[in-house]
Amino acid sequence: MPPRRVVTGRSQEPRRRFAEELRTLRTERGDSLRKLGEALGWDWSLFGKMESGHTIGSPDVAQALDQYYGTPGLLLALWELAAGDATRFREKYRRFMALEGEAVSIQTYSPSLMPGLLQSEEYARELLMLGGLDPGSELDQQVAARMSRRDVLTGDGAPQLRAILDEAVLRRPLPNIEAWRAQLKHLEEMTRRRNVTVQVLPFSAGLCELVNTDTWLLRLLDGRTVAWVETGYNGELVEEAAKVERLQVDYDRLRDKALTPRDSAEFLLRLLEELS
């Protein structure tokens, strides 16, 4: 089959095409980002991040833009394609990312690092650099991909997220104190979402299950639960029912040892006060 002929000259990658279309529509209309923000009631910086590919926003934003530009359904359709595009992630994570996007509920335990869905941009950047990525286009692409994962928590039908964070996650700051404060503030803001529950597993709980394993449990529309387990060097998708059940039991035991959501929120606020 001959290669597909590019007619428009625009990107064939869903996320990049979405960003390009947003930028083209705005510039053709002659609007500044600030004017667009004022017209639609969102912070103008959101539209800048969408046009640069750092986020795709929510479906509500895409619908509002469709109405503003008079492109009924176009931007929402491009948004859906961008949201479902797993190619922006490294190969071994793509299957997990696709399932994460379909999940009706997500449970995660993090023994040492902030989970991806709750990371700030600076936290993600620092972590990826520690993982071996040098400043440049690949790092920027991976940071943008990680930030886009947070979109799964917004909009209609967003899954319920329960995140258990070992106290070590909150005691290991970023080198830049302002960036660390921003990460903690972002986490505190996330706890206010109706679909997000955060619990802290305190040091006083002692040695616990899953002590060195990042664990994700995804409940899917068909009722199945699949798991993703990860160490610092490798990740594995677990779909065998017996193994998933064992991980679920361990997770439930961890939850019983963690602080309540209210006590966890107070713990987080105390940390923020200490940085003031």
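This structure is a prediction, so every number in the text was calculated from the model and none was measured. By convention here, each chain's residues receive numbers from 1 onward along its written sequence. Per-residue local features of the predicted model are confined to residues with pLDDT of at least 70, and side-chain atom pairs are confined, for both listing and counting, to 80 or more; whole-chain, interface and lining totals are unaffected and use all residues. As a rule here, side-chain values come from all non-hydrogen atoms in the structure, and water together with hydrogens is ignored.

Colleague: Can you break down the overall build of the chain residue by residue, with the values?
Modeller: A tally of regular secondary structure across the chain gives twelve helices and six strands. In terms of overall size, the chain behaves like a compact globule, its C-alpha atoms giving a radius of gyration of 20 Å where 276 residues would be expected to give roughly 19 Å. The dimensions of the chain, computed from C-alpha atoms along their principal axes, are 60 × 50 × 35 Å. Each residue is assigned to one of three classes by its accessible area relative to the maximum for its type, calculated with a 1.4 Å probe on protein chains only: buried under 20%, partly exposed between the two thresholds, exposed over 50%. A total of 276 residues make up the chain; the buried ones form 47% of that total. Secondary structure elements follow DSSP: runs of H or I no shorter than four residues count as helices, runs of E no shorter than two count as strands, and numbering proceeds from the N terminus. For a compact globule the rule gives 2.2 Å times the number of residues to the power 0.38, and the radius of gyration it is set against comes from C-alpha atoms.

Colleague: Which residues make up the packing of aromatic side chains, and what values go with them?
Modeller: The relation between two aromatic rings is expressed through the spacing of the ring centres and the mutual angle of the planes. The aromatic pairing rule takes the rings of Phe, Tyr and Trp, using the six-membered ring of Trp, and pairs them if the centres are within 6.5 Å, calling planes under 30 degrees apart stacked, those over 60 edge-to-face and the rest tilted. Under the criterion given, the structure shown has two aromatic pairs. The ring centre of Tyr68 lies 4.1 Å from the NZ or CZ of Arg29, which sits over that ring. Note on criteria: charge over ring means Lys NZ or Arg CZ within 6 Å of the ring centre, with the direction from the centre no more than 35 degrees off the ring normal.

Colleague: For the environment of Ala82, give the residues involved together with the corresponding values.
Modeller: In this structure, Ala82 sits in helix α5 (residues 74–83). Considering only alpha carbons, one finds Ala82 and Pro72, ten residues apart in sequence, at a separation of 17 Å.

Colleague: With reference to specific residues and values, describe empty space enclosed by the protein.
Modeller: A 1.4 Å probe that fits into a set of points on a 1 Å grid over the protein atoms alone but cannot get out defines a cavity; an open set with protein on both sides within 12 Å along at least five of seven lines defines a pocket, and lining residues are those with an atom within 4 Å of a point. Grid points are joined across faces, edges and corners, and a volume is the space filled by probe spheres set on the points. This structure, assessed with the given rule, holds one cavity of 30 Å³ or more. In this structure, the largest cavity occupies an estimated 40 Å³ of space. Lining the largest cavity, in full, are Leu22, Leu36, Phe47, Glu51, Leu65 and Tyr69. Going through the elements one at a time, α3 (44–52) and α4 (59–69) are the ones with two or more residues in the lining of the largest cavity.

Colleague: Which residues make up helix α10 (residues 177–190), and what values do they have?
Modeller: Here the expected span of a helix is defined as 1.5 Å times the quantity of residues minus one. Here α10 spans 20 Å end to end across 14 residues, near enough to the 20 Å set by a 1.5 Å rise per residue. For α10, the set of buried residues is Ala179, Trp180, Gln183, Leu184, His186, Leu187, Glu188 and Met190. Whether two residues are in contact is decided by their heavy atoms: any pair within 4.5 Å suffices. Buried-residue contacts for α10 involve α7 (121–130), β2 (160–166), α9 (167–171), β3 (196–201) and α12 (261–274). Polar contacts here mean pairs of N or O atoms no more than 3.5 Å apart (in protein, one a potential hydrogen donor and the other a potential acceptor; neighbouring residues in sequence count only if both atoms are side-chain atoms). N-cap assignment for α10: the residue whose side-chain oxygen lies 2.9 Å from the backbone N of Glu178 is Asn176.

Colleague: Outline the pattern of salt bridges, supporting the account with residue identities and numerical values.
Modeller: What counts as a salt bridge is simple: a side-chain nitrogen of Lys or Arg found within 4 Å of a carboxyl oxygen of Asp or Glu. If you walk through the whole model with that rule in mind, you get 15 salt bridges. Its salt-bridge partner being Glu51, residue Arg26 comes within 2.7 Å of it at the nearest N-O pair. Residue Arg26 is located in helix α1 (residues 14–29), and its partner Glu51 is located in helix α3; the two are separated by 25 residues in the primary sequence. Assigned by exposure class, Arg26 and Glu51 land together as buried. Residue Arg192 pairs with Glu188 through a salt bridge whose shortest N-O separation is 2.8 Å. With relative accessibility at 57%, the residue Arg192 sits in the exposed group. Via salt bridges that share partners, Arg29, Asp31 and Lys35 belong to a single interconnected network.

Colleague: Before we move on, can you summarise the sheet that holds strand β1 (residues 105–110) with the specific residues and values?
Modeller: Pairing between two strands is assigned when DSSP locates at least 2 bridges connecting them. Here six strands make up an open sheet; going across it, the order is β3-β2-β1-β4-β5-β6 and the pairing mixed. Each having just a single partner strand, β3 and β6 (235–238) make up the two edges of the open sheet. Taken over all neighbouring pairs, the strand axes of this sheet differ in orientation by 10° on average, direction set aside. Where β1 and strand β4 (residues 214–219) come together, five bridges link them in antiparallel fashion. For Thr108, the partnering residue across the bridge sits in β4 and is Trp216. Note on method: axes are straight lines fitted to C-alpha atoms, helices fitted across the in-contact stretch only, with angles between N-to-C directions ranging 0 to 180 degrees.

Colleague: Requested: an account of the pairing of β2, with residues and values cited.
Modeller: Consecutive residues of a regular strand have side chains that alternate between opposite faces of the sheet. Here β2 lies mainly inside the structure; five of its seven residues are buried. Sheet analysis places β2 next to β3, joined by six bridges and oriented parallel. Bridging across to β3, Leu161 finds its partner in Val196.

Colleague: So, the layout of surface pockets: which residues are in play, and what are the values?
Modeller: Taken as a whole, the second largest pocket holds about 710 Å³ of empty space. Along the wall of the second largest pocket there are 23 residues; nearest its centre are Leu46, Lys49, Arg150, His186 and Arg193. Those elements giving two or more residues to the lining of the second largest pocket turn out to be α3, α7 and α10. With five residues, the single largest contributor to the lining of the second largest pocket is α10.

Colleague: Pulling in residues and values, what's your account of the nonpolar core?
Modeller: Nonpolar cores are built from buried Ala, Val, Leu, Ile, Met, Phe, Trp, Tyr and Cys residues. Side-chain atoms within 4.5 Å join them into one set. One finds Met114, Leu118, Leu165, Leu170, Leu184, Leu187 and Leu218 to be the most contacted residues of the largest nonpolar core, which totals 35 residues. Elements represented by at least two residues in this core include exactly α6 (94–102), β2, α9, α10, β3, β4, β5 (225–230) and α12. The element contributing the most residues to this core is α10, with five residues. When near neighbours in sequence (up to four residues on either side) are disregarded, Leu218 contacts Phe96, Leu99, Glu100, Ala103, Ser105, Ile106, Arg224, Thr225 and Val226. Counting residues in each nonpolar core, the second largest holds 19 residues, with Ile56, Tyr68, Trp79 and Ala82 among its members.

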